[in-house]
Amino acid sequence: MTGRLVVRLKDHRERAGLTQAALAEEVGVSRKTINTIENGVFVPSTVLALRLAARLDCSVQDLFALPNT
Amino acid sequence: MLYVTLRLLFHCNEARPTMSGNPISLVRFWGNAVLVVVVVVAIAGMMLSPAYWTGWPWVIGAVAMGYAALSLAVHLRFPDKAGAAWDEQNLAAHRASLAFGYWATLAAFLLLLGAVWADLIDPGAAFFWLSPVLGIAPAVHYLASVLRNRAE
């Protein structure tokens, strides 16, 4: 979580039984990008957020949320 | 020494930089690293003994062209890896490195302009010294992004 965004990508990825590398491969980005998204260092574009949500079978709001919402 | 330093950095925990398995990213990283090292060695060599050897610009040019050719070759050989190598985080780091290169070159230009006005350096030499900054500033910034885990 960063100060401006709550990230739950890691929980959903692990629930889906995927490694960072496997998820990265499936959505077409580098493993490091998945890692920095999970750590709240990098905020993904809308397109990538939608791709991640589609692959993890959840909504974008499940993966990312504003603090205090 | 650079190799040992990078190895130490890469083989630590998850929070530390990790070496990519993507051949395009690998060539980009090592191409930038070699370019930076060659330019730094050239600058040091030219500063220590300017009249000793004047072939450094050719060496820098050859390394840069070799890196470009190698980069083209791996893009053609591994087209399926290009998307991940140039994903949105890497593109953001690449754009940031170009912006850094612009400001670094502008700063170096102003510094050298002052030196020319103060008669500390010949205008031709000042123009010559501008090129290494223009050449390696983006590469230095990109390497820093990789080592900070902001790119690969």
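Residues numbered from 1 in each chain as written. Chains lettered and ligands numbered in written order. Predicted model: local features only at pLDDT ≥ 70, side-chain atom pairs only at ≥ 80, totals over all residues. Heavy atoms only, no water.

Quick look at the confidence of the model for chain B
Residue and element names in this part refer to chain B.
Piece 1. Per-residue confidence for chain B gives a mean pLDDT of 86, with 88% of residues at or over 70.
Piece 2. Per-element confidence in chain B ranges from a low mean pLDDT of 48 for helix α1 (residues 2–10) to a high of 95 for helix α5 (residues 88–117).
Piece 3. Segment residues 7–14: pLDDT under 50, and 12 contacts once partners within four positions in sequence are set aside and those in other chains are kept.
Piece 4. Here the prediction assigns the complex a pTM of 0.82, and the interface score ipTM is 0.86. (pLDDT = per-residue confidence, 0-100. Helix = DSSP H or I, 4+ residues; strand = E, 2+ residues; numbered from the N terminus. Contact = heavy atoms within 4.5 Å.)

Comments concerning the pattern of salt bridges
Residues and elements named next belong to chain A.
Piece 1. As enumerated under the stated definition, the model contains two salt bridges over all chains in all.
Piece 2. Between E26 and R55 there is a salt bridge, with the nearest N and O atoms lying 2.2 Å from each other. Pair noted here: E26 is in helix α2 (residues 20–27) and R55 is in helix α4 (residues 46–55), with a separation of 29 residues, a long-range link.
Piece 3. By relative accessible area, which is 45% here, E26 ends up partly exposed. (Salt bridge = Lys/Arg side-chain N within 4 Å of Asp/Glu carboxyl O. Buried < 20%, exposed > 50% of the residue type's maximum accessible area, 1.4 Å probe, protein only.)

Let's talk about α4(A)
Piece 1. Along α4(A), the positions that sit buried rather than exposed are A:L48, A:A49, A:L52 and A:A53. Down the axis of α4(A), the smallest arc covering the buried residues is 135 degrees, so these residues share one side. Within α4(A), the exposed residues directed more than 90 degrees away from the buried face are A:T46, A:V47 and A:A54.
Piece 2. Summarising the contacts, the buried residues of α4(A) are in contact with α1 (9–15), α2, α3 (31–38), α5 (60–63) and β2 (64–65) of chain A together with α5 of chain B.
Piece 3. With its phi angle positive at about 55 degrees, A:D57 sits one or two positions after the end of α4(A). (Arc of directions from axis to C-beta.)

Section: the interface of chain A and chain B
Piece 1. Chain A puts 14 residues into the contact, and the matching count from chain B is 13 residues.
Piece 2. Across the interface of chain A and chain B, roughly 1100 Å² is buried in total on both sides, 42% from carbon and sulfur atoms.
Piece 3. In terms of surface lost to chain B, no three residues of chain A exceed A:S30, A:K32 and A:F42, which account for 45% of the buried area on that side.
Piece 4. Our enumeration of links across chain A and chain B arrives at zero salt bridges.
Piece 5. At the boundary of chain A with chain B, the tally comes to seven residue pairs in polar contact (both at pLDDT 80 or more).
Piece 6. Among the elements that take part in the side of chain A that touches chain B, α3(A) stands out by supplying five residues, more than any other.
Piece 7. Considering only residue class, the side of chain A that touches chain B consists of five nonpolar, seven polar and two charged. (Buried area = accessible area lost by both parts, 1.4 Å probe. Polar contact = N/O pair within 3.5 Å; in protein donor to acceptor, adjacent residues only side chain to side chain. Nonpolar A, V, L, I, M, F, W, Y, C, P; charged D, E, K, R; others polar.)

Some words on the packing of helix α2 (residues 23–48) of chain B against helix α3 (residues 56–77) of chain B
Residue and element names in this part refer to chain B.
Piece 1. With their axes 10 Å apart at the nearest point, α2 and α3 run at an angle of 180 degrees to one another. Judged on the interaxial angle alone, α3 and α2 are roughly antiparallel.
Piece 2. Among the residues forming the contact of α2 with α3, the class breakdown is 17 nonpolar, five polar and one charged. (Axes fitted to C-alpha atoms, helices over the stretch in contact; angles between N-to-C directions. Parallel < 35°, antiparallel > 145°, perpendicular 65-115°, else oblique.)

A closer look at the packing of α2(A) against α3(A)
Residue and element names in this part refer to chain A.
Piece 1. The N-to-C vectors of α2 and α3 enclose an angle of 110 degrees; their axes lie 8 Å apart at closest approach. Here α3 runs roughly perpendicular to α2, going by the angle between their axes. Of the two possible hands of crossing, α2 and α3 adopt the one that is right-handed. The residues of α3 that touch α2, namely those facing Q20, A21, L23, A24 and V27, are R31, I34, N35 and E38.
Piece 2. Across the contact of α2 with α3, the residue classes break down as five nonpolar, two polar and two charged. (Left-handed = near helix turned anticlockwise from the far one by under 90°.)

Focus on α2(A)
Residue and element names in this part refer to chain A.
Piece 1. Within α2 the residues assigned to the buried category are Q20, L23, A24 and V27. Taken end-on, α2 shows its buried residues confined to a sector of 100 degrees, consistent with a single buried face.
Piece 2. In this structure, the buried residues of α2 make contact with α1, α3 and α4.
Piece 3. Looking one or two places after α2, you find G28, whose phi comes out positive at around 80 degrees.

Things to note about the packing of aromatic side chains
Residues and elements named next belong to chain B.
Piece 1. Here the structure, examined in full by the defined rule, presents three aromatic pairs over all chains.
Piece 2. Consider the rings of Y102 and W103, whose centres lie 5.0 Å apart with planes at 80 degrees: the pair is edge-to-face.
Piece 3. On the basis of an interplanar angle of 85 degrees and a centroid distance of 6.0 Å, the ring pair of F128 and W129 is categorised as edge-to-face.
Piece 4. If you follow R28 out to its NZ or CZ, it ends over the ring of W86, 4.5 Å from the centre.
Piece 5. The side chain of R77 reaches across the aromatic face of F78, ending 4.8 Å from its centre. (Phe/Tyr/Trp six-rings, centres within 6.5 Å; stacked < 30°, edge-to-face > 60°. Lys NZ or Arg CZ within 6 Å of the ring centre and 35° of its normal.)

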